[in-house]
Amino acid sequence: MSAKEYRTASSARGGLLTVANVPNIAFGDRVHIRDQQGNTRNGQVIRSSDEEVLIQVFEGTSELDLESTWVRFLDEPVEIALSPEILGRIFNGLGEPRDYRPPIVSSLRRSISAAAFNPAARTYPKEFIQTGISTIDGLNSLVRGQKLPIFSASGLPHNRLAAQIVRQAKLPDDDSRFSVVFAAMGVSYADARFFQEEFASSGVLGNVVMFVNMADDPPVERLTLPRMALTAAEYLAFDLDRHVLVVMTDMTHYAEALREVATAKGDVPARKGYPGYLYSDLAEIYERSGRIKDRHGSITLVPVLSMPSDDITHPIPDLTGYITEGQIVLSRELHNQGIYPPVHISPSLSRLMKDGIGKDFTREDHPHVSNQLYALYARALETRNLASIIGADELSTRDRRYLEFADAFESRFVRQSEDEDRSIEETLNLAWDLLSTFPPQALTRVNETEIAKYHRQSV
Amino acid sequence: MNTTSNKKGKIKDINGPIVTIELPGVQNGEQVRIGSLGLYGEVISLEGNEALAQIYESTEMVRPGEPVEGLGHPLSVELGPGLIGGIFDGVQRPLEAMFLKAGDQIPRGLSPLPLDRDKVWHFVPSENLEPNMPIINGAVLGRVQETETVEHRILVPPNISGQLIELAPEGDYHLEESIGQVRDQQGEIHHLKLYHRWPVRRPRPYQSRDNGVEPLITGQRILDTFFPLLKGSKCAVPGPFGAGKTVVQHQVARWANADIVIYVGCGERGNELVDVLDSFPKLKDPYTGRPLMDRTLLIANTSNMPVVAREASIYVGITIAEYYRDQGYDVVMLADSTSRWAEALREVSGRLGQMPVEEGYPAYLASRLAAFYERAGRVDTMDSGKGSVTLIGAVSPPGGDFSEPVTSHTKEIIQTFWALSKELADARHYPAIDWVDSFSADVSTAAEWWHENIDREWEKRRSQALGMLARDAELSRIVNLVGPEALSSAQRWVLEGAALIKEGVLQQSALDPVDTFSSPEKQFMLLDLILSVYDAGADLIELGVPVQELSEMSVLARLRRCKELYDSNQTDQLKAFREEALNDFKEIHSEYAQRGEQPA
Ligand SMILES: Nc1ncnc2c1ncn2[C@@H]1O[C@H](COP(=O)(O)OP(=O)(O)OP(=O)(O)O)[C@@H](O)[C@H]1O
Ligand SMILES: [Mg+2]
């Protein structure tokens, strides 16, 4: 760490500070900025030439004056100190404790912007995780190492759902060596407290590392926070062999912070003012989940994001969907009908489900049952639409059966209580209860053997 | 490579992946290594003493003043045996070797050679060649069995021709050993090896272009039967996230009747490449019975890898594709996704301060796209053979909006358009290819092939099915306005028929072991069967049979399942079922015909 401080700041705009006449400074270097009150702010070099450097100041540049601003270059990238002691601790977006306990002391420090995993080093995620939630386990199964976001919107119970997943998630065989990394960006005190109490009451607190940035904390710290959290997760997963579930909320606040900084830097905007590199930037975060050859641990990532104006085509959910391995979409309509969890299955998807379910993993009928429910529900929603135009009385008996199916599906399969932990067996049996309201010949996605075995008219 | 004659200079400015360097004498497009780590990059513009370079690796902790070296050549790939079955990054670094050498993450500044120098190959010289014969560039010097399926033809490099002075005898050779000598017109002697290098941004030469003549058979019914693609043609697969672009491309990579498949994961997920690496060695090529990996090559620049190498990755892919084309092969190259490539262009142009024209994209987006797709085609090779590169690019429009720049420019370039729809995907109608928005400009050429090889009725049946799907859309609109009661029996039978086409022909599960591949014979038989059933039903409705009675026939449920009950070899069983099904209709027919004859 160099002791020399420079007082050659030449401009301060937005969160950006320019410093002239400095020796060759490394791109990405960490910076300490001392302001006129003697308070230290943190920053990072985002452009460096032999004439001047551009520094992104995490706490912002307001109230800095160029004359009495002192800049010190630490000659190290943004890093996090790692040791098993991080479990049970709470940090901010810079990796500093926010639980009034001493900082982590460790000789192991890692840069938070890790190099990309070599695709040849990955193994394909295949192990089914039972969350106890029928719409997920039955229709959009989560597997160990997957990145599966929750697309939500303001006022919807995404936090409760995320907490239920953390509480209930288990592998049918073992759930030892399980840890949670929780990353909160721009959240309210109420939400932060909710999660903390949740972790405490379910007894996992000692296995959780929390990284928290409140709504009134500096937005720029939201940019380093998920990277801190994932570096910690990688350490737990690949150094300590743990299966890590990373929950991140709310990625929308992250993206907004990125937009703020990009605008200050003058980056060319692509859509809705978000920079063109939002996709790559989000991918750097999301792609850090997965499984690695010859490593015992894994990183399963469940980011939560709110869709601005409930719009799934907004750049944040859109680009996320293009990167993640599916999405669980919550619906305001179901929520307003009092259905929890309000998972709208049609736009929901799990891309890694195909290899984690079926004969050797869950049950042999699982893939077909899932398909069949999807097909019936799609048809049922069309019918409901038709009924709203021409009236339910005008429907044929066949169509009325679909209408009844839609209602039963939502109230029995989708709806479950917050402490209801359904086994995959229960979920699939429930599915057959619903499928059996149709005659076997109407079920063309399940095969004849499965019908003979599970259809209520056959048994 | 790092000879003292290389140009030396230093770094002036680092702006993410764009670095200003001072390197006198450097050429535009030249490869450079920068900083003490020796990161690889490429010069993209020159101004006075300074040059701008785009760097393929992260520039974190690099400083101004660090050294720079010019390598004297543009971004090039190694072309020779050992490519097939491999996985390379966007600038052709061998990822498998890097993993063994450097572990889980890709380290910076490391650049093992793409092709294995220790491996020996058994070379068999071409019989028709003798010393002192004139020899042209692109001529086949000899052969090497690269994998069990691929015979690698060793070519005289495109920039060398003259007189063959020496040709090595049959035997085992390393890549760096000389297997022949050519004296060019200037009298210079070139030692030829089993491999050569070629700059990726320059198309490889060929004698002449030719028209596509036969369809690429992908084993996917909606593609082959409804929106055929010719070998050597260009195709785009646009669709919103999760609609099935990658699955379509994986399916083509698996089942297409191509000699060589090059799959470029351009800014997409790491796990999707692992999926290919895991599953292809276990799957058999339906035409040769050999493991699919024996004809497949992967280029991987995943979404989290540096964005500049992403821009390069599709050129690396297409250059390797052209190289196998020049050996006389039919090559399919899949790029998933060209939108991520365009975004890489956008990012670089943004950093250069170039004027954006639409959604931040530079003005040259359209011409770059066109020039890239133009490298597809069927050609007469320099060696007077026929080879082709078929190019299939996924497009990922923001918000699924096809009017955005990348989709709309691409649409003007390509011949076949497989449009994926969110509505179909949400209803789990897979592949979610929209039969209204999709098109193929090559139906009539494909028809000649189908008529000759499969059935003369192909084009007729295809049109009939598309016609029914169009009627179905129309009639469904009416139903949604006034209810199903408004339709006549014949019209309701059209809805039933269209549903049969959708479920029995169009929908095809990539996950079902039988349904995943349909031979052309099976494709036509299924289509013909369903349309014959529809026709038979339509006759009955004219006789007064209630549509209800037909809809409830148990044979229809079976008909929907035929695709997964009979595989492509079980055409006899499919024929038997056809007899059975049509018999059921005949029986009703005779029943009603008798009733009709009886006096009331
Ligand atoms: N033919 C098919 N058969 C079975 N499942 C399919 C088929 N096509 C698509 N799917 C399902 O749809 C999912 C999404 O498909 P895919 O990953 O190809 O989407 P995509 O368009 O490439 O999305 P993105 O743009 O986000 O990469 C798959 O994981 C699979 O579950
Ligand atoms: Mg995809």
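As a starting point, this report considers the structure included with it. (Residues numbered from 1 in each chain as written. Chains lettered and ligands numbered in written order. Predicted model: local features only at pLDDT ≥ 70, side-chain atom pairs only at ≥ 80, totals over all residues. Heavy atoms only, no water.)

**Some points on the overall build of chain B**
For clarity, the threshold we go by: Per the convention used, a helix needs a DSSP run of H or I reaching at least four residues, while a strand needs a run of E reaching at least two, with both numbered from the N terminus. For each residue, the accessible area found with a 1.4 Å probe, counting protein chains only, is set against the maximum for its type, and the residue is called buried under 20%, exposed over 50%, and partly exposed in between. Method for areas: the Shrake-Rupley scheme with a 1.4 Å probe, in which residue coverage is limited to the protein chains shown. Counted as positive: Lys and Arg. Counted as negative: Asp and Glu. His and the chain ends are not counted at all. One atom stands in for each charge, and that atom is NZ of Lys, CZ of Arg, CG of Asp or CD of Glu.
Across its full length, chain B carries 16 helices and 28 strands. For chain B, the spread of C-alpha atoms along the three principal axes comes to 105 × 55 × 40 Å. In chain B, buried positions account for 61% of the 600 residues. In the form shown here, chain B has an accessible surface area of approximately 22300 Å², with 49% of it arising from carbon and sulfur atoms. Between the averaged position of the 59 positive side-chain charges in chain B and that of its 86 negative side-chain charges there is a distance of 3 Å.

**Examining the environment of E404 of chain B**
All names here are of chain B. Short version of the rule: Throughout, a contact is declared for two residues whenever any of their heavy atoms are within 4.5 Å.
The topology assignment puts E404 in the loop between β26 (386-395) and α8 (405-413). Using a relative accessible area of 3% as the deciding quantity, one classes E404 as buried. Between the C-alpha atom of E404 and that of E359, which follows or precedes it by 45 residues, the distance is 8.2 Å. Ignoring any residue separated from it by four or fewer positions in sequence, one finds E404 in contact with E359, V395, P397 and P398.

**Some details on the site of ligand 1**
The line we're drawing: A molecule or strand has a residue near it when one of that residue's heavy atoms lies within 4 Å. The definition of a polar contact used here is a pair of N or O atoms within 3.5 Å, where within protein one atom must be able to donate a hydrogen and the other to accept one, and adjacent residues in sequence count solely through side-chain atom pairs. Throughout, the ten residues Ala, Val, Leu, Ile, Met, Phe, Trp, Tyr, Cys and Pro are labelled nonpolar, Asp, Glu, Lys and Arg are labelled charged, and all others, Gly among them, are labelled polar.
The full set close to ligand 1 counts 19 residues, and R351 of chain A together with K245, T246, V247 and R269 of chain B are the nearest of them. This site is not confined to one chain, since residues near ligand 1 come from chains A and B. The separation between an oxygen atom of ligand 1 and a polar main-chain atom of V247 of chain B is 2.7 Å. Within the backbone of A510 of chain B, a nitrogen or oxygen atom sits 2.9 Å from a nitrogen atom of ligand 1. Surface burial for ligand 1 is 93%, taken as the share of its 630 Å² of free accessible area covered by protein chains. For the shell around ligand 1, the secondary-structure elements that each account for two or more residues are α7 (315-323) of chain A together with α3 (245-255) of chain B. Counting residues per element, the shell around ligand 1 draws most heavily on α3 of chain B, at 3 residues. Per-class residue counts for the shell around ligand 1 are 9 nonpolar, 6 polar and 4 charged.

**Focus: the state of the cysteines**
Covalent bonding between the sulfur atoms of two cysteines defines a disulfide. Residues and elements named next belong to chain B. Rules: Two cysteine sulfurs form a disulfide in these notes if their separation is within 2.5 Å.
Applying the stated criterion to the full structure yields 0 disulfides over all chains. Here C235 stays unpaired: no disulfide links it, and the sulfur of C266, its closest cysteine neighbor, is 17 Å away. Residue classification places C266 among the buried positions, given a relative accessible area of 0%.

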